[in-house]
Amino acid sequence: MASFQWPWQYEFPPFFTLQPNLETKKKQVAAWCDLVLAYHKHHKIFNLDVKESQSSPLFNNTKIDRKLSTDAIYSILEELRVKGNIEWTDKTRAQCLVMWRTPEEWGNLIYRWASGCGMTNTVCTLYELAHGDDTKREEFFGLDDWLLKRALRTLEKQRKAEIMSFGTSEGVKFF
Amino acid sequence: MDRFEWGNGNLLQGETQVKQQHGVRLHDGTDKTAFDRGIITLTSHRLIWTDSVQQTTLVTLPLSLVLYAEEVPAGRGKSPRVAFHLHPAPPNKPPGPVMMSAHSYIQLSFKEGGETEFFRCLSEELSRRRWEYMPTPKAAGKPKAIHAGIVGIERNLEKKWRDTDENISQAFEDLNKLMKKAKEMVDLSRTIANKIKDKQGSITEDETVQFKSYLLSLGIANPVTRETHGTGTKYHEELAKQLSDVLTKPIEESGGMMALSDVYCRINRARGMELLSPDDLVDACRQFEALRLPLRLRVFNSGVMVIELVSKGEEAIIRQTAELLNEKKTLSPDELSQSTGISILLAKGRLLAAEEAGQACRDESVEGIRFFPNLFLNPPTR
């Protein structure tokens, strides 16, 4: 896997201080949002623990000895929440789900793959979709279970798929 | 003994009996007198001696005449005594048994004892001075002027006003003298200035210039005051004009900006006597722009107020700061203050202004605050 390409801001000390100037702050937060999503996409991580993230390289640049404060992290995550890219899993806002694509987008991706491979009207298990040999090159390979299900549910609403369960495992049928 | 007077056995108004003792003899000084084996009565106002046989023989001594009393212990064949040291008799004293006496003290000898108890009561009465509350007619002296009724009250009030008035004018007299002196000082400095002008040749050019600058910073010849220009806006406008006259040059010299605290010190030193209040100064400074004067009051977001030259406007200063930032890549207020020779407070103000204008962005870390060129808004081309 190619190493992650950090944006230029990552080396810029003011990037790690929330800017008081509104205009500047807007740009700064936008850059942070992009970085957070890109980072998670690159490493295929689907959740974020606020406490742990403080020491992760994402928010902590040891090279220039700067790290983002908790307050700043929260304001960036709030911006991401408004945009629909994260969802808090608890009320204390300790952890969140990260979606660099919305469930609809994921659903569309999966459906395009399924129809492309002629998988319509056949049933495949969720495991096959996310971890099977056929999907290794697809972007949704390795997708977390919760996100996969949510993506498929959006397809269900559009009557493009149906989720079924057989005992312990679950499957999906595309139309 | 000549302080005694004849009495009639009646108590005075408000007088109360305190102590009585039998078998007491009066002595004029140390000399025995005919007043023997009597009853001595101590009241709140007087000492009364009564003959125990002829109860009508009665002499009294007002306690107000007693300087102090002391106990004289019993001696060889002598009864214990109490000595009274007395004030001179008042001139209008009613008649008594003795007209003249060589002694200014009397003694009581207690043949039947009781002197200790008597002395204790006496000391107490002397310290309480109850006779003062209801003076005996002879102690009253000349009649007091009593103003009864409304006229009396009015007179009293008038007197009080007069007293107050006098006090106030006394208090302000010193101030007036001081003001007079101040005027003299200003006149003096003016004459010196004129003399210097006359003798331009004899003093070196340098000295003249230096002395003139001292004089200039010493005083404003005719300061604008509330007295000369009334109150409110008019006063502040005139003040603003004068401020701009006085301040423009020093501000130019200090790089186009001066903190309001510095301005306050400078202007009040120049005014000498007619000091400005901080509020008046701020109000006057607010008039700068309305009067189209070359100065402007500026309030940084931190609350710091500065006076700056209009010509050297905000944009120019921001541009200058931004250029410096681009050149140096990063600046702390401290560094900016050192490189431009302005105070740290002002330097920070400038950087914050640049930040406000989107020309800078900040980096807060354990090392303090630093400013960088705003690469967020002007991303580096790659």
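Residues numbered from 1 in each chain as written. Chains lettered and ligands numbered in written order. Predicted model: local features only at pLDDT ≥ 70, side-chain atom pairs only at ≥ 80, totals over all residues.

Colleague: Quick question: what am I supposed to make of the overall build of chain B here?
Modeller: Tallying secondary structure elements over chain B gives ten helices and 14 strands in all. When the 382 residues of chain B are sorted by exposure, 24% land in the buried category. (Helix = DSSP H or I, 4+ residues; strand = E, 2+ residues; numbered from the N terminus. Buried ≥ 20, exposed ≤ 12 C-beta atoms within 10 Å, placed from the backbone.)

Colleague: When you look at the overall build of chain A in this model, what are you seeing that I'm missing?
Modeller: In terms of helices and strands, chain A carries six helices and eight strands. In sequence order, chain A lays out its α and β elements as α-β-α-β-β-α-β-β-α-β-α-α-β-β. Taking all 175 residues of chain A together, 27% fall into the buried category. By sequence separation, contacts in chain A at least 24 residues apart represent 56% of the contacts at least 6 residues apart. (Contact = placed C-beta atoms within 7 Å.)

Colleague: I'm lost on the nonpolar core in this one. Help?
Modeller: One recurring pattern in soluble globular proteins is that nonpolar side chains are buried together. By size, the foremost hydrophobic cluster in this structure holds 34 residues, and its most contacted members are Leu243, Cys285, Ile307, Leu351 and Ala360 of chain B. Among the domains, domain 3 (224-312) and domain 4 (313-382) of chain B are the pair contributing at least three residues each to this core. If near-sequence neighbours (up to four positions away) are discounted, Leu351 of chain B is found in contact with Thr321, Leu331, Pro333, Leu336, Ala360 and Phe371 of chain B. Among the nonpolar cores identified, the runner-up in size contains 33 residues, and Ala114, Leu129, Leu143 and Phe174 of chain A belong to it. (Core = buried A, V, L, I, M, F, W, Y, C linked by C-beta atoms within 7 Å. Domains from an automatic or database assignment.)

Colleague: How should I be thinking about the interface of chain B and chain A in this particular structure?
Modeller: By a frequent convention, interface size equals the accessible area lost on bringing the separate parts together. Each side of the interface is counted separately: chain B has 15 residues, and chain A has twelve residues. Breaking the side of chain B that touches chain A down by element, the ones donating at least two residues are α10 (344-356) and β13 (360-365) of chain B. In terms of residue count, the dominant contributor to the side of chain B that touches chain A is β13 of chain B (five residues). The residue inventory of the side of chain B that touches chain A, partitioned by class, reads six nonpolar, three polar and six charged. (Nonpolar A, V, L, I, M, F, W, Y, C, P; charged D, E, K, R; others polar.)

Colleague: Could you clarify how one ought to interpret the environment of Thr116 of chain B in this entry?
Modeller: All names here are of chain B. Tracing the backbone through its elements, the reader meets Thr116 in helix α1 (residues 115-128). Taking the C-beta count within 10 Å as the criterion, Thr116 has 12 such neighbours and is therefore assigned exposed. Taking C-alpha positions, Thr116 is 7.9 Å from Glu71, a pair spaced 45 residues apart along the chain.

Colleague: Any chance you could explain the sheet that holds strand β6 (residues 123-125) of chain A here in plain terms?
Modeller: Note: strands within a sheet are paired through backbone hydrogen bonds, in either parallel or antiparallel orientation. All names here are of chain A. Pairing is antiparallel in the open sheet, where three strands are placed in the order β6-β8-β7. Of all the strands in the sheet, just β6 and β7 (161-166) have a single pairing partner and so form its edges. Strand-to-strand twist of the sheet, defined as the mean angle between neighbouring strand axes without regard to direction, takes the value 30°. By the bridge criterion, three bridges tie β6 to strand β8 (residues 169-174) in an arrangement that is antiparallel. Along β8, the bridge assignment pairs Cys124 with Val172. Against the sheet, helix α6 (residues 145-157) contacts β7 and β8, and its axis sits at roughly 125° relative to β7. (Pairing = 2+ DSSP bridges. Axes fitted to C-alpha atoms, helices over the stretch in contact; angles between N-to-C directions.)

Colleague: Could you clarify how one ought to interpret helix α8 (residues 314-328) of chain B in this entry?
Modeller: Residues lying three or four places apart along an α-helix face the same way, a consequence of the helix completing one turn every 3.6 residues. Residue and element names in this part refer to chain B. Over its 15 residues, α8 extends 21 Å from the first C-alpha to the last, a length consistent with the 21 Å expected when each residue adds 1.5 Å. What α8 keeps buried is the set Ile317, Ile318, Thr321, Ala322 and Leu325. Angular distribution of buried residues about the axis of α8 spans 135°; they occupy a single face of the element. Exposed side chains of α8 directed beyond 90 degrees from the buried face belong to Glu315, Ala316, Glu323 and Glu327. The inward-facing, buried residues of α8 contact α10, β13 and β14 (368-373). Just downstream of α8 lies Lys329, where phi reads positive at about 75°. (Expected span 1.5 Å × (residues − 1). Arc of directions from axis to C-beta.)

Colleague: Please clarify how the pairing of β7 of chain A should be interpreted in this entry.
Modeller: Within a regular strand, the side chains alternate between the two sheet faces. Residue and element names in this part refer to chain A. Bridging between β7 and β8 involves six bridges; their strand directions are antiparallel. Looking across to β8, one finds that Met164 is bridged to Gly171. Where β7 folds back on β8, the antiparallel hairpin that results is connected by two residues, among which Gly167 adopts a positive phi of roughly 65°.

Colleague: What is the right way to look at the packing of helix α4 (residues 103-116) of chain A against α6 of chain A in this model?
Modeller: Residue and element names in this part refer to chain A. Viewed as axis vectors pointing N to C, α4 and α6 meet at an angle of 75°, and their least axial separation amounts to 8 Å. It follows that α4 is roughly perpendicular to α6 by the angle criterion. Across the interface between the two elements, Pro103, Glu104, Trp106, Gly107, Ile110 and Tyr111 from α4 touch Leu147, Arg150, Ala151, Leu152, Thr154 and Leu155 from α6. (Parallel < 35°, antiparallel > 145°, perpendicular 65-115°, else oblique.)

Colleague: Looking at this model, I keep getting lost on the pairing of strand β5 (residues 46-51) of chain B. Mind explaining?
Modeller: Residues and elements named next belong to chain B. Buried residues dominate β5, accounting for five of its six residues. Where strand β4 (residues 38-43) lies against β5, five bridges are found, and the strand directions are antiparallel. Across the sheet, Ile40 pairs through a bridge with Trp49, a residue of β5. What sits between β4 and β5 in their antiparallel hairpin is a turn of two residues. In terms of strand pairing, β5 meets strand β6 (residues 58-62) through five bridges, oriented antiparallel.

Colleague: In this structure, what is going on with unusual backbone geometry? I would like to understand it.
Modeller: Negative phi values dominate among residues other than glycine, just as trans dominates among peptide bonds. Residue and element names in this part refer to chain B. Backbone geometry places Arg129, a non-glycine residue, at a positive phi of 50°. Residue Arg129 is classed as exposed on the basis of its C-beta count, with 11 C-beta atoms lying within 10 Å. Within the chain, Lys329 stands out as a residue other than glycine whose phi angle is a positive 75°. Relative to the helices and strands, Lys329 resides in the loop between α8 and α9 (333-340). Judged by local crowding, Lys329 falls into the exposed class, with 8 C-beta atoms found within 10 Å.

Colleague: Whenever I open this one, the sheet that holds strand β12 (residues 305-309) of chain B confuses me. Can you help?
Modeller: Residue and element names in this part refer to chain B. With antiparallel pairing, the three strands of this open sheet are ordered in space as β10-β12-β11. Only two strands of the sheet have a single neighbouring strand rather than two, namely β10 (257-259) and β11 (295-299). Neighbour-to-neighbour, the strand axes of this sheet turn through a mean angle of 25°, independent of strand direction. Here three bridges tie β10 to β12, and the two strands are oriented antiparallel to one another. Each residue of the ladder has a partner; that of Met257, found in β12, is Glu308. Packed on one face of the sheet, helix α6 (residues 260-271) meets β10 and β12 and runs near 80° to β10.

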